[in-house]
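For reference, the chains in residue letters:
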Amino acid sequence: AGCILQGALLEPMTKAFEADPNIPNLLCAFMEELKVGMPAFRSTMAKMAMAGEPTTVMQASLGYLATMTRGTMKAGQVVSLQRDVFGRHGFKRLKANGQATEELHHAEWPDMIS
């Protein structure tokens, strides 16, 4: 590994895998750091976007981190509804506490194509 990885990231990553060899995603080991750092990362990306600076990879990284650290993704809910409209696949509703129901629901959608 290069000097940056050796110095700043490799040791904490190694410790995370040693602590839990079956860790589902390495981000799980760094949730506290993410909670602390995400607001500043979002703010920085917003400022860069407003300044018209291209930060494609950094914006993609922000999107990935935001996706992986959410319990429920609103976009995923929309996709589930779309799947139900076009294929009657069913969807899970969100309870008041934000958790998804276990059972699938099906809605009576109007015919989209005449």
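Just above, that's the structure.
Computed from a predicted structure; not experimentally measured. (Residues numbered from 1 in each chain as written. Predicted model: local features only at pLDDT ≥ 70, side-chain atom pairs only at ≥ 80, totals over all residues. Heavy atoms only, no water.)

**Student:** Could you give me a rundown of the overall build of the chain, with the residues and numbers involved?
**Tutor:** Along the backbone of the chain there are four helices and zero strands. Beginning at the N terminus, the succession of helices and strands in the chain can be written as α-α-α-α. Here the C-alpha atoms of the chain give a radius of gyration of 20 Å, more than 25% beyond the 13 Å that 2.2 N^0.38 yields for 114 residues. By its C-alpha atoms, the chain is 60 × 40 × 25 Å across when sized along the principal axes. Here the chain holds 114 residues, and 15% of them are scored as buried. Residue pairs at least 24 apart in sequence account for 25% of intrachain contacts in the chain once pairs closer than 6 positions are excluded. Counting only carbon and sulfur atoms, one obtains 61% of the accessible surface of the chain, whose full area is about 8,800 Å². Charge-centre separation for the chain: the mean point of 11 positive side chains lies 6 Å from the mean point of 11 negative side chains. (Helix = DSSP H or I, 4+ residues; strand = E, 2+ residues; numbered from the N terminus. Rg over C-alpha atoms; globule rule 2.2 N^0.38 Å. Buried < 20%, exposed > 50% of the residue type's maximum accessible area, 1.4 Å probe, protein only. Contact = heavy atoms within 4.5 Å. Areas by Shrake-Rupley, 256 points an atom, 1.4 Å probe, with all protein chains shown as cover. Lys, Arg positive; Asp, Glu negative; His and termini not counted. Charge placed at Lys NZ, Arg CZ, Asp CG, Glu CD.)

**Student:** Which residues make up the pattern of salt bridges, and what values go with them?
**Tutor:** Under the counting rule described, the total for this entry stands at two salt bridges. With a shortest N-O distance of 3.1 Å, Lys15 and Glu11 are connected by a salt bridge. With Lys15 and Glu11 both in helix 1 (residues 3-19) and four residues apart, this pair spans about one turn of that helix. Here Lys15 falls in the partly exposed class, since its relative accessible area comes to 49%. Of the charged contacts in the structure, one is a salt bridge between Lys35 and Glu32, with a shortest N-O distance of 3.7 Å. Residue Lys35 and its partner Glu32 are located together in helix 2 (residues 31-50), separated by three residues, close to a single helical turn. For Lys35, a relative accessible area of 58% translates into the label exposed. Judged by relative accessible area, Glu32 falls into the exposed class, the value being 53%. (Salt bridge = Lys/Arg side-chain N within 4 Å of Asp/Glu carboxyl O.)

**Student:** Tell me what's going on with the packing of helix 2 against helix 3 (residues 56-68), and back it up with residues and numbers.
**Tutor:** As a packed pair, helix 2 and helix 3 sit with axes 11 Å apart at the nearest point and diverge in direction by 145 degrees. Every pair of crossing elements has a handedness; the one defined by helix 2 and helix 3 is left-handed. Residue-level inspection shows Leu34, Met38, Phe41, Arg42, Met45 and Ala49 of helix 2 in contact with helix 3, the latter providing Met58, Gln59, Ser61, Leu62, Leu65 and Ala66. A per-class count over the contact of helix 2 with helix 3 returns nine nonpolar, two polar and one charged. (Axes fitted to C-alpha atoms, helices over the stretch in contact; angles between N-to-C directions. Left-handed = near helix turned anticlockwise from the far one by under 90°. Nonpolar A, V, L, I, M, F, W, Y, C, P; charged D, E, K, R; others polar.)

**Student:** So, helix 3: which residues are in play, and what are the values?
**Tutor:** With 13 residues, helix 3 should reach 18 Å at 1.5 Å per residue; the first-to-last C-alpha distance of 18 Å fits that figure. What helix 3 keeps buried is the set Leu62, Leu65 and Ala66. With its buried residues spanning 100 degrees around the axis, helix 3 presents them on a single face. Looking at helix 3, the residues exposed on the side facing more than 90 degrees away from the buried face are Thr56 and Val57. Buried residues in helix 3 make contact with helix 2. (Expected span 1.5 Å × (residues − 1). Arc of directions from axis to C-beta.)

**Student:** Mind laying out the nonpolar core, listing which residues take part and the relevant values?
**Tutor:** In terms of nonpolar packing, the biggest core is built from six residues, these being Leu27, Leu34, Met38, Met45, Leu62 and Leu65. At the level of elements, helix 2 and helix 3 are the ones that each hand at least two residues to this core. In terms of residue count, the dominant contributor to this core is helix 2 (three residues). The contact partners of Met38, leaving out residues within four places of it in the chain, are Leu62, Leu65 and Ala66. (Core = buried A, V, L, I, M, F, W, Y, C linked by side-chain atoms within 4.5 Å.)

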